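Listed below are the residues making up each chain.
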Amino acid sequence: MKTLLLHPDTEDAIAQAGTLLAAGQVVGIPTETVYGLGANALDGAAVRKIFAAKGRPIDNPLIVHIADFDQIYDLTACVPEAAVHLATAYWPGPMTIILPKAACIPDEVSAGLDTVGIRLPSHPIARAVIRAAGVPIAAPSANLSGRPSTTTAAHVMEDMEGKIAAVVDGGACTVGVESTVVSLAGDTPRLLRPGGISLEQLEAVLGTVEVDRAIRQQIGDDVQVSAPGMKYRHYAPHAPVTAVCGDPARGADYIHAHLNPNAGVICFDEFAVRFPTQIVHTIGRSDDAAAQARAIFDALRAFDHTAVTEIWAQCPDDSGIGLAVANRLKKAAGFHVIEV
Ligand code: AMP
Ligand code: MG
């Protein structure tokens, strides 16, 4: 299959992406979080093509993207008041709400669960493409399963060329990590995946929010987890990663003392000077977690074009969007984490 690269400076590109999606094809779409691999969420056969292109395990459900809030009522069995409050505060934006699903959601989307994740993205191209398709769009991150997520159209082509109908080039993603996944399907609100909306922001609207333990620690294969995606090795470059958490200056000392000559380093801007002979990718200053979020996946991917044999990564603390950056790094490291 030839994968078209569509440039959305013309109305045509949006219309073309919409037509392909309406016809049951898979299209790479820019969003503010990461690029998504979209298909008609109401068409089980179209959704199966996403799993095939990614090599995604079938027990890992997909998020359904909408262009207008009212679509949520067609896709869910009930919309509690808390969901309306969250949506009012943070939609359109990088947050997914898990709710009991409506009968129209195919099993392929929900992976057999009785819930569905819904998101209203803020990216104007994402919303225009969803509107042009005329249907809600199921979309996981547009990477091969297990690889770092994609934050540019070039990343998507790297993983998906020849496997999907088209990619819409919307430039680099402005958030850079995936959406926050919060479940309102149980008795207490529960954070299943940290992302672009922080835990503190959720708590400001919801009060108490339980935090799934899979966010900070490794979960065994035999354990039932709330967000099935959290149990898989994820976001991993080819070389093994070690995440170094704690005081950034002590972390830089630790990495400096332990790295081998062929190591790559992911570090905060102010520590790059410590590693003059290594391949280094800086991800922003240690106090700028938003910059780190924008840079993290590109940094993880970039080492695959080099001969590095190990990767050391400085990891931010858990405040704000740092919780999401730290979660992605720890998962990329298979939870091989050093605390300094
Ligand atoms: P991705 O599409 O790659 O961003 O992954 C979507 C994430 O949302 C995965 O971790 C899924 O397990 C999670 N997710 C999607 N739908 C549900 C659901 N109905 N219940 C719990 N988690 C979900
Ligand atoms: Mg993903």
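Residues numbered from 1 in each chain as written. Chains lettered and ligands numbered in written order. Predicted model: local features only at pLDDT ≥ 70, side-chain atom pairs only at ≥ 80, totals over all residues. Heavy atoms only, no water.

S.K.: Just to check I follow, could you spell out the sheet that holds strand β4 (residues 63-65) for this structure?
M.R.: Strand-to-strand pairing in sheets goes through backbone hydrogen bonds, with the strands running parallel or antiparallel. In space, the eleven strands of this open sheet follow the order β1-β8-β2-β3-β7-β4-β6-β5-β9-β10-β11, with mixed pairing throughout. Of all strands in the sheet, those bounded by a partner on one side alone are β1 (4-6) and β11 (210-211). Here strand β10 (residues 190-193) pairs with β11 via two bridges, running parallel. Within β11, the position partnered with L191 by the bridge is V211. Each of β3 (36-40) and β7 (137-138) touches helix α2 (residues 44-54); the most contacted strand, β3, lies at about 155° to it. (Pairing = 2+ DSSP bridges. Helix = DSSP H or I, 4+ residues; strand = E, 2+ residues; numbered from the N terminus. Contact = heavy atoms within 4.5 Å. Axes fitted to C-alpha atoms, helices over the stretch in contact; angles between N-to-C directions.)

S.K.: Just to check I follow, could you spell out the pairing of strand β6 (residues 115-119) for this structure?
M.R.: As a general feature of sheets, a regular strand has side chains that alternate between the two faces. Counted residue by residue, β6 has five buried out of five residues, so it is predominantly covered. The alternating pattern of β6 places T115, G117 and R119 and V116 and I118 on opposite faces, both of which are buried. Bridge analysis of β4 against β6 gives three bridges, and the strand direction is parallel. Each bridged residue has a counterpart across the sheet, and for V64 the counterpart in β6 is I118. (Buried < 20%, exposed > 50% of the residue type's maximum accessible area, 1.4 Å probe, protein only.)

S.K.: Just checking my understanding: could you explain helix α9 (residues 248-258) for this structure?
M.R.: Given 3.6 residues per helical turn, the α-helix brings residues three or four places apart onto the same face. Along α9, the residues that are buried comprise G251, A252 and I255. Buried residues along α9 cover an arc of 100° about the axis, so they all sit on one side. Contact partners of the buried residues in α9: β12 (241-245), β13 (263-267) and β15 (310-314). (Arc of directions from axis to C-beta.)

S.K.: So what exactly am I meant to see when it comes to the sheet that holds strand β14 (residues 279-282) here?
M.R.: Spatial ordering of the open sheet is given by β14-β13-β15-β12-β16, a layout of five strands whose pairing is parallel. Each of the sheet's edge strands pairs with one partner strand only, and the pair in question is β14 and β16 (337-339). Pairwise comparison of adjacent strand axes, ignoring direction, gives a mean angle of 20° for this sheet. Relative to β14, β13 is paired through four bridges, and the arrangement is parallel. Bridge assignment links C267 to a residue of β14, and that residue is T282. Each of β12, β13, β15 and β16 is contacted by α9, which is oriented at about 165° to β15, the strand it contacts most.

S.K.: Sorry if this is basic, but what is going on with the packing of helix α10 (residues 289-302) against helix α11 (residues 322-332) here?
M.R.: Between two packed helices, the angle of one axis relative to the other and the distance separating the axes together describe the packing. Put simply, α10 and α11 touch, their axes get as near as 9 Å, and they point 20° apart. Considering their axes alone, α10 and α11 lie roughly parallel with respect to each other. α10 and α11 meet at a crossing whose hand is left-handed. Residues A289, Q292, A293, I296, F297 and L300 of α10 form the contact with α11, whose participating residues are G322, V325, R328, L329 and A332. Of the residues in the contact of α10 with α11, the class split is eight nonpolar, two polar and one charged. (Parallel < 35°, antiparallel > 145°, perpendicular 65-115°, else oblique. Left-handed = near helix turned anticlockwise from the far one by under 90°. Nonpolar A, V, L, I, M, F, W, Y, C, P; charged D, E, K, R; others polar.)

S.K.: Looking at this model, I keep getting lost on the pattern of salt bridges. Mind explaining?
M.R.: Side chains that differ in charge, positive against negative, can pair when their charged atoms come close. Here the structure, examined in full by the defined rule, presents 15 salt bridges. Between E158 and R147 there is a salt bridge, with its nearest N and O atoms 3.9 Å apart. Highlighted residues: E158 in helix α7 (residues 153-160) and R147 in the loop between β7 and α7, separated in sequence by eleven residues. Classification of E158 as partly exposed rests on a relative accessible area of 40%. Across the pair R147 and D304 runs a salt bridge, and its minimum N-O distance is 2.4 Å. On the criterion of sequence distance, the pair formed by R147 in the loop between β7 and α7 and D304 in the loop between α10 and β15 is long-range, its members being 157 residues apart. Taking relative accessible area as the criterion, R147 reaches 12% and is therefore assigned buried. (Salt bridge = Lys/Arg side-chain N within 4 Å of Asp/Glu carboxyl O.)

S.K.: What exactly am I supposed to notice about the pairing of β15 here?
M.R.: Extensive coverage of β15 is indicated by the burial of five of its five residues. Both β12 and β15 contribute to a ladder of four bridges, which runs parallel. When the sheet's bridge partners are listed, A243 is paired in β15 with A313. With four bridges joining them, β13 and β15 adopt parallel strand pairing. Note on β15: the bridge partner recorded for A263 is E310.

S.K.: Whenever I open this one, the environment of D287 confuses me. Can you help?
M.R.: Within the secondary structure layout, D287 lies in the loop between β14 and α10. With relative accessibility at 63%, the residue D287 sits in the exposed group. Between the C-alpha atoms of D287 and L323, which are 36 residues apart in sequence, the distance is 13 Å.

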